[in-house]
Amino acid sequence: DVRHLQGFDHHEQVWLGRDTARGLTAIVSVHTTVLGPALGGTRIWPHTSFESGIIDALRLSRGMTFKSAIAGLPLGGGKAVIIADAKTEKTPAMLEAYAEMLNTLQGQYITAEDVGMTLADADFLAERAPNVSGTTKGGSGNPSPFTAEGTFVGLKAALRHRTGSDDLAGVRVAVQGLGSVGWSLCQKLHTEGAVLTVCDLDAVRTARAAETFGATVVSGDAIIAAGVDIFAPCALGGILSADTIPLLKAKIVAGAANNQLATAEDGQRLVTRGILYAPDYVINAGGVINVAAEMGDGGYDVATVTPRVARIADTLSAIFQRADSEGRTTDAVAEAMAREIVEAARK
Ligand code: NAD
């Protein structure tokens, strides 16, 4: 019973799949199917309680509704969370049990990769269940390069809005998380002359970034207070909070991580500090734009993806301008835009 969880929209469907023998506890959440079938990745994460797992699934699936609506995709919002440690508890038996669950959902949810779920896992599931996207066999493959490209053009749009120029030469950028997206973002930033400060839990990755990009490596929370122009969160969510926002020296936050704002009030906290925030589900839509291209007539064609990802910059510029003219936060404007699109379709 999750009715006591306040502050969430109505979600169309939430399923629980549990198979204790095979180590599966999975929550599949469908926020809306108004614009199309609910698409969103499966996150495998060791939540310490069932409640935090379900809150994650509810927030992430709502974020997918907003993300796809603003990206102009004919898709609804869905997401799944498997409560497990992907490094130690993700077994073939567990994924088989999850595939059986996906089979029972009869197309109401389309899955893909997320944190803890790899391309190989997506291929494994696709052999056993329908509605698995982002696979290597006939699918659109790894979404991360497209997410990184969208984040890059979105970061430049934020810089242009703030300074009148998107020239990255000498601009100082702190990147938190050097995974699939963060690393690719660093490559693009470095190519255009940005000066990088990085952190990651994995010391091999930070050492490689120091060597490859001449990046300054900082540990843990020091990245938040780094003396930079732009902060790009590319690790996990909840990074912008009442505790961390006062520490930021950057005047722009533009990164790929989902659910960056810990609470709804944190958008206003950023505005009060004069920090321009690129809403996460707008700037990181490159991956879902790529996955959605699998569903068009004629199959996946990367040529249709690139211009759509480039449009993320225009969308963000429009959000920044509307936020300025209406005196609202960028995240409030983005959410209003997404809800307008969904409500228009519902009517
Ligand atoms: P990833 O798992 O490949 O990389 C995450 C990296 O962050 C890892 O290197 C990890 O060690 C590091 N990390 C984790 N916690 C950290 C911490 N506290 N401090 C520093 N580093 C930390 O994930 P990814 O695919 O690169 O995705 C990164 C973020 O972007 C996630 O929030 C994800 O939900 C979001 N996102 C990704 C995509 C995509 O296409 N991959 C699409 C949309 C959103």
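Fair warning: this is a prediction, and the values are worked out from it, not measured in the lab.

**Q** Sorry, what's going on with the overall build of the protein here?
**A** For the protein, the helix and strand inventory stands at 11 helices and 12 strands. For a compact globule of 347 residues, the expected C-alpha radius of gyration is about 20 Å, and the protein comes in at 19 Å, within 12% of that figure. Overall, the protein is about 50 × 50 × 45 Å in size when its C-alpha atoms are taken along their principal axes. A separation threshold of at least 6 residues defines the contact pool for the protein, and within that pool the share at least 24 residues apart is 64%.

**Q** Whenever I open this one, the domain arrangement of the protein confuses me. Can you help?
**A** When the parts of a complex come together, some accessible area is lost, and that lost area is often used as the size of the interface. Domain annotation for the protein reports domain 1 (13-63 + 75-126) and domain 2 (144-286 + 313-340). Look at where the C-alpha atoms of domain 1 and domain 2 centre, and you get two points 27 Å apart. For the pair domain 1 and domain 2, the summed buried area comes to about 580 Å², and 47% of that belongs to carbon and sulfur atoms. Inspection of the domain 1/domain 2 interface yields zero salt bridges. If you look at where domain 1 meets domain 2, you find one residue pair in polar contact (both at pLDDT 80 or more). If you list the elements that add at least two residues to the side of domain 1 that touches domain 2, you get β4 (42-45) and α1 (50-70).

**Q** Which parts of the structure should I look at to understand the sheet that holds strand β12 (residues 276-277)?
**A** Sheet strands pair via backbone hydrogen bonds, and the direction of the pair is either parallel or antiparallel. On the basis of which strands lie adjacent, the open sheet formed by six strands has the order β9-β8-β7-β10-β11-β12 and parallel pairing. Every other strand in the sheet has two partners, leaving β9 (216-217) and β12 as the edge strands with one partner each. Sheet topology note: the strand β11 (residues 252-253)/β12 ladder contains two bridges and is parallel. Across the sheet, residue Val 253 finds its bridge partner in β12, namely Tyr 277.

**Q** Any chance you could explain unusual backbone geometry here in plain terms?
**A** Generally, phi is negative for residues other than glycine and the peptide bonds are trans, each holding for most cases. At Asn 131, a position not held by glycine, the phi torsion is positive, near 60°. You can see Asn 131 is positioned in the loop between α3 (119-126) and α4 (144-163). On the accessibility criterion, Asn 131 (30% relative accessible area) is partly exposed. Its identity is not glycine, yet Asn 259 carries a phi of approximately 55°, on the positive side. Mapped onto the secondary structure, Asn 259 falls in the loop between β11 and α7 (266-272). Overall, Asn 259 belongs to the buried group, its relative accessible area being 17%.

**Q** Hey, could you run me through the packing of aromatic side chains in this one?
**A** We describe a pair of aromatic rings using the distance from one ring centre to the other and the angle between the two ring planes. Here the structure, examined in full by the defined rule, presents two aromatic pairs. An angle of 50° between the planes, with centres 5.4 Å apart, marks the rings of Phe 66 and Tyr 281 as tilted. Highlighted residues: Phe 66 in helix α1 and Tyr 281 in helix α8 (residues 280-283), separated in sequence by 215 residues. Taken individually, Phe 66 and Tyr 281 each receive the classification buried, so the pair is uniform in this respect.

**Q** When you look at the pattern of salt bridges in this model, what are you seeing that I'm missing?
**A** Enumeration over the complete set of coordinates arrives at 20 salt bridges. A salt bridge links Arg 322 to Glu 340, with the shortest nitrogen-to-oxygen separation between them at 3.0 Å. You can see Arg 322 sitting in helix α10 (residues 302-326) and its partner Glu 340 sitting in helix α11 (residues 330-346), a full 18 residues away along the chain. Here Glu 340 falls in the partly exposed class, since its relative accessible area comes to 43%. Note that Glu 326 and Arg 328 form a salt bridge whose closest N and O atoms lie 3.1 Å from each other. Connected through salt bridges with shared partners, the residues Arg 43, Asp 56, Lys 79 and Asp 114 form a single ionic network.

**Q** Explanation requested: the environment of Arg 160 in the structure shown.
**A** Examined against the element boundaries, Arg 160 turns out to sit in helix α4. On the basis of relative accessibility, which here comes to 35%, the residue Arg 160 falls in the partly exposed class. Through-space distance from the C-alpha of Arg 160 to that of Ser 317 is 8.7 Å; in sequence the pair is 157 residues apart. Those residues in contact with Arg 160 that lie beyond four places of it in its chain are Ser 165, Asp 166 and Ser 317. Here the side chain of Arg 160 touches Asp 166 through a polar contact of 3.1 Å, side chain to side chain.

**Q** Any chance you could explain the environment of Pro 74 here in plain terms?
**A** Within the secondary structure, Pro 74 is located in the loop between α1 and β5 (76-83). Given a relative accessible area of 56%, Pro 74 falls into the exposed group. If we skip the residues at most four places from it in the chain, Pro 74 touches Leu 35, Gly 36 and Pro 37.

**Q** Whenever I open this one, the site of the ligand confuses me. Can you help?
**A** Residues in contact with the ligand amount to 23 residues; listed here are only the nearest, Thr 147, Val 181, Asp 200, Arg 205 and Ala 235. Note that an oxygen atom of the ligand is positioned 2.6 Å from one of the backbone N or O atoms of Ala 235. Isolated, the ligand exposes 820 Å² of accessible area, and the fraction of that covered by the protein chains is 79%. Breaking the shell around the ligand down by element, the ones donating at least two residues are α4 and α5 (180-191). Along the lines of polarity and charge, the residues of the shell around the ligand split into 10 nonpolar, eight polar and five charged.

Cut-off values and rules
Residues numbered from 1 in each chain as written. Predicted model: local features only at pLDDT ≥ 70, side-chain atom pairs only at ≥ 80, totals over all residues. Heavy atoms only, no water. Helix = DSSP H or I, 4+ residues; strand = E, 2+ residues; numbered from the N terminus. Rg over C-alpha atoms; globule rule 2.2 N^0.38 Å. Contact = heavy atoms within 4.5 Å. Domains from an automatic or database assignment. Buried area = accessible area lost by both parts, 1.4 Å probe. Salt bridge = Lys/Arg side-chain N within 4 Å of Asp/Glu carboxyl O. Polar contact = N/O pair within 3.5 Å; in protein donor to acceptor, adjacent residues only side chain to side chain. Pairing = 2+ DSSP bridges. Buried < 20%, exposed > 50% of the residue type's maximum accessible area, 1.4 Å probe, protein only. Phe/Tyr/Trp six-rings, centres within 6.5 Å; stacked < 30°, edge-to-face > 60°. Near = heavy atom within 4 Å. Areas by Shrake-Rupley, 256 points an atom, 1.4 Å probe, with all protein chains shown as cover. Nonpolar A, V, L, I, M, F, W, Y, C, P; charged D, E, K, R; others polar.

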